[in-house]
Amino acid sequence: MKAHNLLYAVGLTLMMPVSAQATGIPVPDVLDTPPPAALQDLTINGQPVTTDSIRRVDLEGPIYEVRLRNGDTFYSDAQGRHMVVGSLYDNGPDGLINVTEQHDRQDRLDQLSAIPEGDTVDYPAQGEEIGRITVFTDTTCPYCQKLHQEIDQLTQAGVTVRYVPFPRAGAHSQVANQLAQVLCSESPTDAMTRAFHGEALASRPSKSCRSAVDDGFSLGQQFGVQGTPSIVLPNGGMGEGYIPYRKLVRLVRGL
């Protein structure tokens, strides 16, 4: 089974009622043992909740977080037999913490930091840097163009903007070639601005520049990018769509 079909198949399995006799898997009796006291008196975010039923499932630790190359995540026992699809939460004294999202954020930052120099188009902060954002961008995207119109305001506010090429039409499209031209230009920042303005570029992209666009497109797909601009904040949080620069600066500051 292909990787991108795995979670779909798992999800169908979880939704379909299957009898114990059909699977051959013993189903523990709800009344075999009393549920743990912590679950009988369960609190979430400091508030007591009323449970309807508590049933033990045949899932033994340790439990592993498994990430697929397409960006999907699930949790599995050591045998890969029992799987849980969805986010894992830590129900701690400070409230619910989405552990899966925390791992997602760190994973994004790790992968972005590994992008080779020259494979992105960077606009450094002017003066003291307050943070860096990474933007998956396409020069034919109207909202990417709108965001780029505020590049000076962002850099003047201390935000470094790092563009990762993400041609929405695919790695072998006309815009992919244009993004490769941008990377291979003598001044990629100037070339990016001209491309956003609809100007034709004269540079001939090398194989390495084309590969950088391919890699950017693949990384965006792995991150789950479906539209541009997709913005990764300094804390690894990510969202799609245009954000006005004032609000973006506040998000970079963590406000």
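Below: a short report on this structure. (Residues numbered from 1 in each chain as written. Predicted model: local features only at pLDDT ≥ 70, side-chain atom pairs only at ≥ 80, totals over all residues. Heavy atoms only, no water.)

**Things to note about the overall build of the protein**
- Counting its secondary structure elements, the protein contains 10 helices and 12 strands.
- Sequence-distant contacts in the protein: of pairs separated by 6 or more residues, those separated by 24 or more amount to 67%.
- Of the roughly 15,700 Å² of accessible surface on the protein, a fraction of 51% belongs to carbon and sulfur atoms. (Helix = DSSP H or I, 4+ residues; strand = E, 2+ residues; numbered from the N terminus. Contact = heavy atoms within 4.5 Å. Areas by Shrake-Rupley, 256 points an atom, 1.4 Å probe, with all protein chains shown as cover.)

**Brief notes about the state of the cysteines**
- Evaluation of the coordinates by the stated rule reveals one disulfide.
- Linked covalently through their sulfurs, cysteine 184 and cysteine 209 form a disulfide whose S-S length is 2.0 Å. The S-S bond linking cysteine 184 to cysteine 209 shows a torsion near 105°; that makes this disulfide right-handed. Residue cysteine 184 is located in helix 7 (residues 174-184), and its partner cysteine 209 is located in helix 9 (residues 207-223); the two are separated by 25 residues in the primary sequence.
- Cysteine 184 gets classed as partly exposed once you look at its relative accessible area, which sits at 25%. (Disulfide = S-S within 2.5 Å. Buried < 20%, exposed > 50% of the residue type's maximum accessible area, 1.4 Å probe, protein only.)

**Focus: the layout of surface pockets**
- If you add up the space inside the second largest pocket, you get close to 330 Å³.
- Together, 18 residues line the second largest pocket, and Arg67, Gly71, Thr73, Asp104 and Gln222 are the ones closest to its centre.
- Elements that contribute at least two residues to the lining of the second largest pocket include exactly helix 4 (99-113) and helix 9.
- For the lining of the second largest pocket, the leading source of residues is helix 4, giving five residues.
- When its residues are assigned to classes, the lining of the second largest pocket shows two nonpolar, 10 polar and six charged. (1 Å grid on protein atoms, 1.4 Å probe; cavity = no way out; pocket = protein on both sides within 12 Å on 5 of 7 lines; lining within 4 Å. Points joined across faces, edges and corners; volume = space filled by probe spheres on them. Nonpolar A, V, L, I, M, F, W, Y, C, P; charged D, E, K, R; others polar.)

**Description of the pattern of salt bridges**
- Counted by the stated rule, this structure contains seven salt bridges.
- Arginine 67 is paired through a salt bridge with aspartate 104; the nearest N and O atoms lie 2.5 Å apart. Placement of the pair is arginine 67 in strand 3 (residues 64-67) and aspartate 104 in helix 4, with a sequence separation of 37 residues.
- For the salt bridge of glutamate 199 with arginine 194, the shortest nitrogen-to-oxygen distance reads 3.8 Å.
- Judged by its relative accessible area of 33%, arginine 194 is partly exposed.
- Each of Glu65, Arg67 and Asp104 takes part in a single network of salt bridges with overlapping partners. (Salt bridge = Lys/Arg side-chain N within 4 Å of Asp/Glu carboxyl O.)

**Examining the packing of aromatic side chains**
- By the definition in use, this model includes five aromatic pairs.
- Their ring planes at 90° and their centres at 6.3 Å tell us that phenylalanine 136 and phenylalanine 166 sit as a pair that is edge-to-face. One end of the pair, phenylalanine 136, is in strand 9 (residues 131-137); the other, phenylalanine 166, is in the loop between strand 10 (159-165) and helix 7, with 30 residues separating them in the sequence. Here phenylalanine 136 and phenylalanine 166 have matching classes, each one buried.
- Aromatic rings pair up to connect Phe136, Phe166, Phe217 and Phe223 into one cluster. (Phe/Tyr/Trp six-rings, centres within 6.5 Å; stacked < 30°, edge-to-face > 60°.)

**A look at the pairing of strand 9**
- In terms of burial, strand 9 is a largely internal element, six of the seven residues being buried.
- As judged from the seven bridges shared by strand 9 and strand 10, these two strands associate in the parallel manner. Across the sheet, glycine 131 pairs through a bridge with valine 159, a residue of strand 10.
- With three bridges connecting them, strand 9 and strand 11 (residues 230-232) associate as antiparallel partners. By the bridge assignment, valine 135 is partnered in strand 11 with isoleucine 231. (Pairing = 2+ DSSP bridges.)

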